[in-house]
Amino acid sequence: MPIQTAANLIKKFPPYLFARLNAEKLAARHKGIDVIDFTMGNPDTPTPQPIVDKLIEVVQDKKSHRYSTSKGIPAFLKAVSRWYERKYGVAIDPKTEAVSVIGSKEGLAHLALAVLNRGDQVLVPDPTYPIHHYSVIIAGGKLIPIPILEGPEAFLKYVDKAYIKARPKPKVLIINFPHNPTTISVEAEFFKEVVSWAKKRQVMVVHDLAYADIVFDGYKSPSFLATKGAKDIGVEVFTMSKSYNMAGWRIGFAAGNPNVIGSLAKIKSYMDYGIFTPIQVAAITALDSPEENLRKLAAVYEERRNIMADGMNAMGWPVDKPRAAMYLWAKIPNKFKKLKSMDFAMMMLKKAGVAMSPGSGFGKLGEGYVRMALVENKFRIRQALSSMKKLF
Ligand SMILES: Cc1ncc(COP(=O)(O)O)c(C=O)c1O
């Protein structure tokens, strides 16, 4: 009898979106194609030097090499509290209302395991960043996908409709603004509606604030926790990956409702020993760094957004300029309308040497779209535009 090498659940999972795309990119590179890669929201510019210097300084201290704490060292949690106060005027108790996460992907995955029982229903946008869906499935919960492409107000209406229809009643609503992949963003007023809805329906809210600082044209993205009463029903998850170019460092945090944070901290205490202390200390330098640095980084993405969107519109591929997030979310152009988003993305890779993510990788309703992450410099973006133009 052969040994069983995968759980039934895992057997049913398709390969992770980026794993498949990476394999295709590699095959193209082997054929000598210089792939211009817009697939993953993986920041291409380096972590700011003061953060790197702090890591080097702390790693020299031999006391820093032991197990860390999975909840996060107190100094990091205090920095999280200062960050919330300074940026959003939100008071966070570092002892009970914040926990470090090994990147928000890990945080969201364990959060679902920490709060869901088997069969619990969860309202999740469609399309959305894959862990918003898969955290629920891994935890044995049931997904209720909610259309988001019509915008935040319509989304909330669909949320309530789905709530009314659902049996058993949904336990959690996962949201993410600025949203990946659609780049939809909201005003603080929207979160007030979410809080009042969640209180009325007694649903927990999990807000993913990954793109807090990748904002353009003077737009400021609100924190969910800055809404009165938000902490009674929800938590927010933030990653250091995007704002501070720390994607490889694997650090972020969750904050908010102390009972939810307590559940997450508890499951994590069984699962991990915490992020390497020098990384946590360097992350404090990041959290305390001036806003001006964040504006400079956002300006880089803003310039890329303009070049890419203007170039696409000029070639007859209509796309909106988002006011937040590091992506363009575009409908498959009319000329190629018959192609599924994966086939269109593969065609672009093979014929133009330009890699992008098919919308279908983010949920059923992402079909018909592609997402382009602005993680190539402006010269490469121009090069990509001129290659793509030949196909129009
Ligand atoms: C919306 C959203 N949440 C979470 C993540 C994961 O970030 P991290 O690097 O902290 O795991 C991403 C990464 O692209 C994202 O887009």
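Residues numbered from 1 in each chain as written. Predicted model: local features only at pLDDT ≥ 70, side-chain atom pairs only at ≥ 80, totals over all residues. Heavy atoms only, no water.

Next up on the list: the nonpolar core. Ranked by internal contacts, the top residues of the largest apolar core, which has 59 residues, are Phe-76, Tyr-84, Leu-173, Met-240 and Tyr-244. In this view, Met-240 contacts Asn-245, Met-246, Ile-251, Gly-252, Phe-253, Ala-283, Ala-286 and Leu-287; residues no more than four positions away in its chain are not counted. If you look at the next biggest cluster of nonpolar residues, it comprises 39 residues, including Tyr-327, Ala-345, Met-347 and Met-388. (Core = buried A, V, L, I, M, F, W, Y, C linked by side-chain atoms within 4.5 Å. Buried < 20%, exposed > 50% of the residue type's maximum accessible area, 1.4 Å probe, protein only. Contact = heavy atoms within 4.5 Å.)

A word on the environment of Val-186. By the secondary structure assignment, Val-186 is in the loop between strand 5 (172-176) and helix 8 (188-201). For the pair Val-186 and Asn-176, spaced ten residues apart in the sequence, the C-alpha separation amounts to 9.8 Å. Residue contacts for Val-186: discarding those within four places in its chain leaves Pro-152, Phe-177, Phe-191, Tyr-219, Pro-222 and Arg-323. (Helix = DSSP H or I, 4+ residues; strand = E, 2+ residues; numbered from the N terminus.)

Right, let's talk about the packing of aromatic side chains for a bit. Under the criterion given, the structure shown has 22 aromatic pairs. Ring centres of Trp-83 and Phe-238 lie 4.6 Å apart, and the angle between their planes is 40°; this geometry places the pair in the tilted category. Note that Trp-83 is positioned in helix 4 (residues 74-88) and Phe-238 in strand 7 (residues 234-239), a separation of 155 residues in sequence. The pair Trp-83 / Phe-238 is uniform in exposure class, with both members buried. Judged by centre distance (5.5 Å) and plane angle (75°), the rings of Tyr-211 and Tyr-327 are edge-to-face. Note that Tyr-211 is positioned in the loop between strand 6 (204-208) and helix 9 (230-233) and Tyr-327 in strand 9 (residues 327-331), a separation of 116 residues in sequence. For Tyr-327, a relative accessible area of 1% translates into the label buried. (Phe/Tyr/Trp six-rings, centres within 6.5 Å; stacked < 30°, edge-to-face > 60°.)

The element strand 3 (residues 121-126) is largely enclosed, with a buried count of six among its six residues. Where burial is concerned, the two faces of strand 3 agree: the one with Gln-121, Leu-123 and Pro-125 and the one with Val-122, Val-124 and Asp-126 are both buried. As paired elements, strand 3 and strand 4 (residues 142-147) share six bridges and run parallel to each other. Across the sheet, residue Val-124 finds its bridge partner in strand 4, namely Pro-145. When strand 3 meets strand 5, the two strands line up parallel, connected through two bridges. Looking at the pairing, Val-122 lines up with Val-172 of strand 5. (Pairing = 2+ DSSP bridges.)

This part takes up the domain arrangement of the chain. Segmenting the chain into domains produces domain 1 (8-46 + 292-389) and domain 2 (49-289). For domain 1 and domain 2, the distance between their C-alpha centres works out to 25 Å. At the interface, 32 residues of domain 1 touch 35 residues of domain 2. In total, about 3000 Å² of surface goes out of reach between domain 1 and domain 2, with carbon and sulfur atoms giving 62% of it. When the buried area of domain 1 at its contact with domain 2 is split by residue, Leu-294, Arg-323 and Phe-362 rank highest and sum to 24% of it. In this structure, Arg-305 and Asp-217 form a salt bridge, with 2.8 Å as the shortest nitrogen-oxygen distance. (Domains from an automatic or database assignment. Buried area = accessible area lost by both parts, 1.4 Å probe. Salt bridge = Lys/Arg side-chain N within 4 Å of Asp/Glu carboxyl O.)

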